[in-house]
Amino acid sequence: MTSSSEPRALPTTWAGVTFRSRHEARWAVFFDHLDLRWDYEPERYTLGTVGGTYLPDFYLPDIGLFAEIKPGLAGDVDPEGVWRWEQFAAAQADNPNGGKVAMFCDRIPDPTKVTETGPPKCYRWFESGVFILGDWHYAWCACPSGDHFDVQYEARGGRIFCGCFRIADDHYRTGDHPRILAAYEAARSERFEGHRRNAA
Ligand SMILES: [Zn+2]
């Protein structure tokens, strides 16, 4: 894997928030470039029936998404963390008011390798890419107006519930929308010297 080019846990400040790792801070840069608001480590949840707790890395209120960030090969390096994430995702799915839950594994995608269906496919659970409970091949995509962003299966941007309009055609895919590619690039290249929020 190529995810070892940065220390696994280098505290990094971005937009006034100090993240446990530079990798988490890069995702905050990505969200900022798509004008998605985010809360870092918003609230610790009790895993009722199975015991223990789970602390999401991010909550994105604009799209109701809990985002878990892993540096890569999460199933190998942190199986217990993956298990707790799965319990949390199941509880959210069972809750009528629950949020969406996704895990983002490995490095921020290389924009030169992203196609309309999103970054290159992974072929192992929790290896590289966006995972939801029981499924993968999700990717960031844009709604038909190009103003809103979310994760959908194979980057099917017409499925985003944003209030613009929807496109039922499953071949309508926007994983390589220019703003998404620019956000990937910004997140990968940020040097975290100014500690300020970039203008999107
Ligand atoms: Zn929209």
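To start, this report covers the structure provided alongside it. Every chain's residues receive numbers from 1 upward, in the order its sequence appears when written. Only residues with pLDDT of at least 70 are given local features in this predicted model, and only at 80 or more are side-chain atom pairs given and counted; all residues enter the totals for whole chains, interfaces and linings. Excluding hydrogens and water, the side-chain values take into account all heavy atoms of the structure.

### What about the overall build of the protein chain?
Reasoning step 1: Secondary structure elements follow DSSP: runs of H or I no shorter than four residues count as helices, runs of E no shorter than two count as strands, and numbering proceeds from the N terminus. Helices and strands together make up the secondary structure of the protein chain, namely 4 helices and 11 strands.
Reasoning step 2: Our radius of gyration looks at C-alpha atoms and nothing else; its globule reference is 2.2 Å times the residue count to the power 0.38. Expected size for 200 residues packed as a compact globule is a radius of gyration near 16 Å; at 16 Å, the protein chain falls within 12% of this value.
Reasoning step 3: Each principal axis of the C-alpha atoms in the protein chain carries an extent, and together these give about 40 × 40 × 30 Å.
Reasoning step 4: Burial analysis of the protein chain (200 residues in total) assigns 45% to the buried set. Between buried and exposed lies partly exposed: a residue is buried under 20% and exposed over 50% of the maximum accessible area for its type, with that area taken using a 1.4 Å probe on protein chains only.

### A few points about unusual backbone geometry
Reasoning step 1: Residues other than glycine seldom take positive phi values, yet Asp35 does so here, at roughly 55 degrees.
Reasoning step 2: Along the polypeptide, Asp35 turns up in the loop between α1 (22–33) and β3 (39–40).
Reasoning step 3: Overall, the relative accessible area of 51% leaves Asp35 in the exposed class.
Reasoning step 4: The phi torsion at Glu154 lies on the positive side, around 50 degrees, for a residue other than glycine.
Reasoning step 5: Along the polypeptide, Glu154 turns up in the loop between β11 (149–153) and α4 (178–189).

### Looking at the coordination of the zinc ion
Reasoning step 1: Counted as donors are N, O and S atoms no farther than 2.8 Å from the metal, or 3.2 Å for Na, K and Ca; water is not among the atoms, and sites may therefore look incomplete. Those protein atoms acting as donors to the zinc ion are Cys143 (SG), His148 (ND1), Cys162 (SG) and Cys164 (SG), and they sit at 2.1 to 2.3 Å.
Reasoning step 2: Tetrahedral means four donors with every angle between 85 and 135 degrees, whereas square planar (four donors) and octahedral (six donors) require angles over 155 degrees between opposite donors and between 65 and 115 for all others; sites fitting neither are termed irregular. In this structure, the zinc ion is coordinated by 4 donor atoms arranged in tetrahedral fashion, with angles at the metal of 96 to 118 degrees.
Reasoning step 3: Ordering the donors of the zinc ion by residue number gives the pattern C-x4-H-x13-C-x1-C.
Reasoning step 4: On the basis of relative accessibility, which here comes to 26%, the residue Cys162 falls in the partly exposed class.
Reasoning step 5: Judged by its relative accessible area of 32%, Cys164 falls in the partly exposed class.

### A closer look at the pattern of salt bridges
Pairing is possible between side chains that carry opposite charge, provided their charged atoms lie close to one another.
Reasoning step 1: One speaks of a salt bridge when a side-chain nitrogen belonging to Lys or Arg is within 4 Å of a carboxyl oxygen belonging to Asp or Glu. Applying the stated rule across the entire model yields 12 salt bridges.
Reasoning step 2: Here Lys70 ties to Glu68 by a salt bridge, and the two come within 3.3 Å at their closest N and O atoms. The residues Lys70 and Glu68 share a single accessibility class, namely buried.

### Some thoughts on the packing of aromatic side chains
Reasoning step 1: Here the aromatic set is Phe, Tyr and Trp, taking the six-membered ring for Trp, and pairing holds for ring centres within 6.5 Å; pairs whose planes are under 30 degrees apart are stacked, those over 60 apart are edge-to-face, and all others are tilted. With the rule as written, the count across this model stands at 27 aromatic pairs.
Reasoning step 2: On the numbers, 5.6 Å between centres and 50 degrees between planes, the contact of Phe19 with Trp38 is tilted. Of the two residues, Phe19 sits in strand β2 (residues 17–19) while Trp38 sits in the loop between α1 and β3, which places them 19 residues apart along the sequence. With respect to class, Phe19 is no different from Trp38; both count as buried.
Reasoning step 3: Measuring from ring centre to ring centre gives 5.8 Å for Phe104 and Trp140, while their planes differ by 15 degrees; the resulting arrangement is stacked. Remark: Trp140 occurs in strand β10 (residues 135–142) and Phe104 occurs in strand β8 (residues 100–105); sequence separation between them is 36 residues.
Reasoning step 4: Given a relative accessible area of 1%, Trp140 falls into the buried group.
Reasoning step 5: Lysine and arginine charges are scored as sitting over a ring when NZ or CZ, respectively, is within 6 Å of the ring centre and within 35 degrees of the ring normal. Across the ring face of Phe161, the terminal group of Arg166 is positioned such that the distance to the ring centre comes to 3.8 Å.

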